[in-house]
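Geometric and topological summary
Below, each chain spelled out in residue letters.
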Amino acid sequence: MAALNIGLVSIMDLLVNLVAVKYFNFSVVELGLLNALWTIVFIPVVRIMDRLADAGRVRLLWYIGSSSMALLQALMYFSMIFHSKQLIYVTYMVHTLVFASTRLAVNTYIFETRDSGSWNKASIMVSRLRLLSESVIILSLALVGFSTIITSGYIYLAILFTLLHSSGMLVIHEPRLKIERVLYRLESMLGKIFIPVKGLLTLSYLEINGSIPLSTRIYASALMPSGLILLALVGFRLSNEYLWTPLPYYLTQVLRLGINDVLMVYGLGRLVAFSLYIAVHSNLVFKKGSFAMGILVRLLVLMILTNIRSSVLIGLLLGLIYLANDIIDSNLFLAFAKNRSGYGVGLYSLIGETISLVGSASSGYIYAVGGPSLITVLTTILSMLVIPVVLKSRSE
């Protein structure tokens, strides 16, 4: 249920952008500004929500998310009824509340109800189920005909999404003992304190006696410099904005795909990503080899994506990017979370969205000036900033 609702939030992001381009005739610059405004609103919102997450207020976060989902759907409905650009802007701003509260509620629930050694497996499971739910819903919308839904039945879709999000309260409950992150913070602090001692003991005892030092999660977080993580996050988020923000415009205005065809492309991409993801054992996602393969696949796809005209092939390539992005983002987020012992993880989103603000605000202008070719070059170069973290990373 948690994965389904994260999927619903992601789908609403896509639908708002598609409606803006197709029904309100947003230019690529306007689309970039719309996403930039989303980020501006998101930054203070996530700071507030992060405080609730640090306090373990999972239930309250979910209440906020469900209420915001109901408001978002109402605004989306009326924006199309009155054909109001102003309302579509307000709708997307409300989306920040749904996004922040839902994501942080799920992350906090995982951190407080699972031991820290299981955080990565739980995150992988949520990612897989999210991709599945997104692909099923998006493909269903494409098959039914989103144009038909917009003109005659969006109210039913709005009610369905609102009820699905509200039903999450039946599954996501307030953790009884909120001590797992406290224990992990203590463990991490001790690990950082004892790293120099461990090095001496390894040299004087373990290696001399022919033993093999065991790599434990106590020391892992301290070995990844935060500067490298932040640099990688800058490149990763900027390249994502330069890819995803103008993509609806590119598909509808350059390739001339209808909105149902665009939904098929996105749905196929998520289905491909899910199919590949379930073939990857959860323990492999946080291996250094998988991390390296993720960035390699991303670089290769980015270099050829704009040369493809077939919607099916584009969907397949998007699937590879979705998978690579999930692997990269999972590794970056886990490294960040372990450096902070599971606290203040909303800062990851805050930093990421601050970077995204620059990317989304400038993406439209960059696309307008240099077109798909310049976007390809920039996304490829920026993605390379993740490579130092790959080289420094250690397998879980």
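Notes on the structure follow.

Rules behind the numbers
- Residues numbered from 1 in each chain as written.
- Predicted model: local features only at pLDDT ≥ 70, side-chain atom pairs only at ≥ 80, totals over all residues.
- Heavy atoms only, no water.
- Helix = DSSP H or I, 4+ residues; strand = E, 2+ residues; numbered from the N terminus.
- Buried < 20%, exposed > 50% of the residue type's maximum accessible area, 1.4 Å probe, protein only.
- Areas by Shrake-Rupley, 256 points an atom, 1.4 Å probe, with all protein chains shown as cover.
- Salt bridge = Lys/Arg side-chain N within 4 Å of Asp/Glu carboxyl O.
- Core = buried A, V, L, I, M, F, W, Y, C linked by side-chain atoms within 4.5 Å.
- Contact = heavy atoms within 4.5 Å.
- Axes fitted to C-alpha atoms, helices over the stretch in contact; angles between N-to-C directions.
- Parallel < 35°, antiparallel > 145°, perpendicular 65-115°, else oblique.
- Left-handed = near helix turned anticlockwise from the far one by under 90°.
- Phe/Tyr/Trp six-rings, centres within 6.5 Å; stacked < 30°, edge-to-face > 60°.

Along the chain, the regular secondary structure elements total 16 helices and zero strands. Within the span of the chain, comprising 396 residues, buried residues form 54% of the whole. Counting every atom, the chain has about 16600 Å² of accessible surface; 69% of that belongs to carbon and sulfur.

Moving on: the pattern of salt bridges. Where charged atoms from two side chains of opposite charge come close, those side chains can pair. Across all of its chains, the model carries four salt bridges by this definition. Glu134 is the partner of Arg130 in a salt bridge, and the nearest nitrogen-oxygen pair spans 3.0 Å. Taken together, the residues span about one helical turn, with Arg130 and Glu134 both in helix α5 (residues 119-144) at a distance of four residues. We note that Arg130, like Glu134, is buried. Arg130 is paired through a salt bridge with Asp326; the nearest N and O atoms lie 2.9 Å apart. Of this pair, Arg130 sits in helix α5 while Asp326 sits in helix α14 (residues 311-339), placing them 196 residues apart in sequence.

By size, the foremost hydrophobic cluster in this structure holds 119 residues, and its most contacted members are Met76, Phe146, Tyr154, Leu251 and Leu263. With near-sequence residues (within four places) excluded, Leu263 lies in contact with Leu14, Leu15, Leu18, Ile138, Leu141, Ala142 and Phe146.

Turning to the packing of helix α1 (residues 2-22) against helix α3 (residues 58-81), a few remarks are in order. Any two packed helices are characterised by the angle at which their axes cross and by the distance between the axes. Viewed as axis vectors pointing N to C, α1 and α3 meet at an angle of 25 degrees, and their least axial separation amounts to 12 Å. Classed by the angle they form, the pair α1 and α3 counts as roughly parallel. The hand of the α1/α3 crossing is left-handed. On the side of α1, the interface is formed by Ala2, Asn5, Leu8, Val9, Met12, Leu15, Val16 and Val19, while α3 contributes Trp62, Met69, Leu72, Gln73, Met76 and Met80.

Applying the stated criterion across every chain, the model contains nine aromatic pairs. Seen in terms of ring centroids, Phe26 and Tyr89 are 5.6 Å apart; in terms of plane orientation they differ by 35 degrees. Their pairing is tilted. Here Phe26, found in the loop between α1 and α2 (28-54), pairs with Tyr89, found in helix α4 (residues 85-113); they are 63 residues apart in sequence, far enough to count as distant. A centroid spacing of 4.9 Å and a plane angle of 10 degrees characterise the contact between Trp38 and Phe42, whose relative ring orientation is stacked. Here Trp38 pairs with Phe42, and both are found in helix α2, just four residues apart, close to one helical turn. Phe42 carries the same exposure label as Trp38, and that label is buried. Site record: aromatic cluster; members linked through ring pairs are Trp38, Phe42, Tyr92 and Phe99.

What follows deals with helix α10 (residues 247-254). Every buried residue belonging to α10 is among Leu247, Pro248, Tyr250, Leu251 and Thr252, and all of these are buried. One or two positions beyond α10, positive phi appears at Arg256, with a value near 60 degrees.

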